[in-house]
Amino acid sequence: AQSVTQLGSHVSVSEGALVLLRCNYSSSVPPYLFWYVQYPNQGLQLLLKYTTGATLVKGINGFEAEFKKSETSFHLTKPSAHMSDAAEYFCAVSEQNQAGTALIFGKGTTLSVSS
Amino acid sequence: NAGVTQTPKFRILKIGQSMTLQCTQDMNHNYMYWYRQDPGMGLKLIYYSVGAGITDKGEVPNGYNVSRSTTEDFPLRLELAAPSQTSVYFCASRELSAGAFFGQGTRLTVV
């Protein structure tokens, strides 16, 4: 069964510092992978996705993630944090070409950005 | 383009009452999902559907039911509300290779 583990429920960085949010997945076949962001009292918004092709994926708001099959990882990074990046981030996985495919989320990582 | 619309946004139920959370999408997506979100627990999948007439259980289906009579609509039914069902509920839709679009959520309190 597919699953997602997000390492670290809280990450704190200073404004301008590197953001690194970790995600490892478990899947029997190469999966589709996603990162979402949730601001307080709102729904989830897609940041970026990996389906096939290039393993380095660029998303909105300057975020990017790299699919590493050998490490079963899909870590999210941003070179320079902004105050507006403070939010909760979720990694999600679904399996390709499976009838009845579910979309499974990790428990989330709360990012705090200090000035 | 409205995307995914959930109603109501807020609701307070008494123990034992029933209600239906409505979800409609206008993107002609085949896949639709219901999640519940509890603090520190991420999103738990309740039920999902791969198309009209087809539904399947997720991780936490007990106490809930769904139907999918049309591509657009995917209502979630709570038959006998319990305090453990106090949560924020999100509906989402997607195509297989695309990211999911989420509604704004329904905040449900059972007292």
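Quick caveat, the model's predicted, so the values are computed rather than measured.

> Describe the pattern of salt bridges, with residues and values.
Residue and element names in this part refer to chain A. Within the structure shown, the criterion is met by 4 salt bridges over all chains. When the shortest N-O distance is used, the salt bridge between Lys58 and Glu64 registers 2.8 Å. Its relative accessible area of 22% is what places Glu64 among the partly exposed residues.

> Break down the sheet that holds strand β7 (residues 64–66) of chain B for me, with residues and values.
Residues and elements named next belong to chain B. Strand order across the open sheet formed by 4 strands is β1-β3-β8-β7, with antiparallel pairing between neighbours. Of all strands in the sheet, those bounded by a partner on one side alone are β1 (4–7) and β7. Mean inter-strand twist for the sheet, computed between neighbouring axes without regard to direction, equals 20°. Bridging between β1 and strand β3 (residues 19–25) involves 4 bridges; their strand directions are antiparallel. By the bridge assignment, Gln6 is partnered in β3 with Cys23.

> Break down the state of the cysteines for me, citing the residues and quoting the values.
All names here are of chain A. One pass over the structure, following the stated rule, counts 2 disulfides over all chains. There is a disulfide in this structure between Cys23 and Cys91, and the S-S distance comes to 2.0 Å. On the sign convention where negative is left-handed, the bridge of Cys23 and Cys91, at about -65° about the S-S bond, is left-handed. Of this pair, Cys23 sits in strand β3 (residues 19–26) while Cys91 is found in strand β9 (residues 87–95), placing the two residues 68 residues apart along the sequence. Overall, Cys91 belongs to the buried group, its relative accessible area being 0%.

> So what's going on with the layout of surface pockets? Which residues, and what values?
Its volume calculated, the largest pocket comes out at about 430 Å³. Around the largest pocket, the lining comprises 21 residues; the ones closest to its centre are Gln38 and Asn41 of chain A together with Gln37, Val88 and Arg107 of chain B. Counted by class, the lining of the largest pocket contains 7 nonpolar, 10 polar and 4 charged residues. When its volume is computed, the second largest pocket comes out at roughly 210 Å³. Considering the residues around the second largest pocket, the lining is formed by 13 residues, among which Leu44 and Gln45 of chain A together with Ala100, Phe101 and Phe102 of chain B are closest to the centre.

> Explain the pairing of strand β1 (residues 3–7) of chain A to me, and be specific about the residues and the numbers.
Residue and element names in this part refer to chain A. By the alternation rule, side chains of β1 split into Val4 and Gln6, which are all buried, and Ser3, Thr5 and Leu7, of which none is buried. Both β1 and β3 contribute to a ladder of 5 bridges, which runs antiparallel. From the neighbouring strand, Gln6 faces β3, where its bridge partner is Cys23.

> Account for the interface of chain B and chain A, naming residues and giving values.
Taken together, the contacts link 23 residues of chain B with 25 residues of chain A. Carbon and sulfur atoms supply 57% of the area buried between chain B and chain A, which totals about 1,800 Å² over both sides. When the area that chain B buries against chain A is broken down by residue, the three leading residues are Leu43, Leu96 and Phe102 of chain B, summing to 24%. Where chain B meets chain A, there are 0 salt bridges. The interface formed by chain B and chain A holds 6 residue pairs in polar contact (both at pLDDT 80 or more) in total.

Cut-offs used in this document
- Residues numbered from 1 in each chain as written.
- Chains lettered and ligands numbered in written order.
- Predicted model: local features only at pLDDT ≥ 70, side-chain atom pairs only at ≥ 80, totals over all residues.
- Heavy atoms only, no water.
- Salt bridge = Lys/Arg side-chain N within 4 Å of Asp/Glu carboxyl O.
- Buried < 20%, exposed > 50% of the residue type's maximum accessible area, 1.4 Å probe, protein only.
- Pairing = 2+ DSSP bridges.
- Helix = DSSP H or I, 4+ residues; strand = E, 2+ residues; numbered from the N terminus.
- Axes fitted to C-alpha atoms, helices over the stretch in contact; angles between N-to-C directions.
- Disulfide = S-S within 2.5 Å.
- 1 Å grid on protein atoms, 1.4 Å probe; cavity = no way out; pocket = protein on both sides within 12 Å on 5 of 7 lines; lining within 4 Å.
- Points joined across faces, edges and corners; volume = space filled by probe spheres on them.
- Nonpolar A, V, L, I, M, F, W, Y, C, P; charged D, E, K, R; others polar.
- Contact = heavy atoms within 4.5 Å.
- Buried area = accessible area lost by both parts, 1.4 Å probe.
- Polar contact = N/O pair within 3.5 Å; in protein donor to acceptor, adjacent residues only side chain to side chain.

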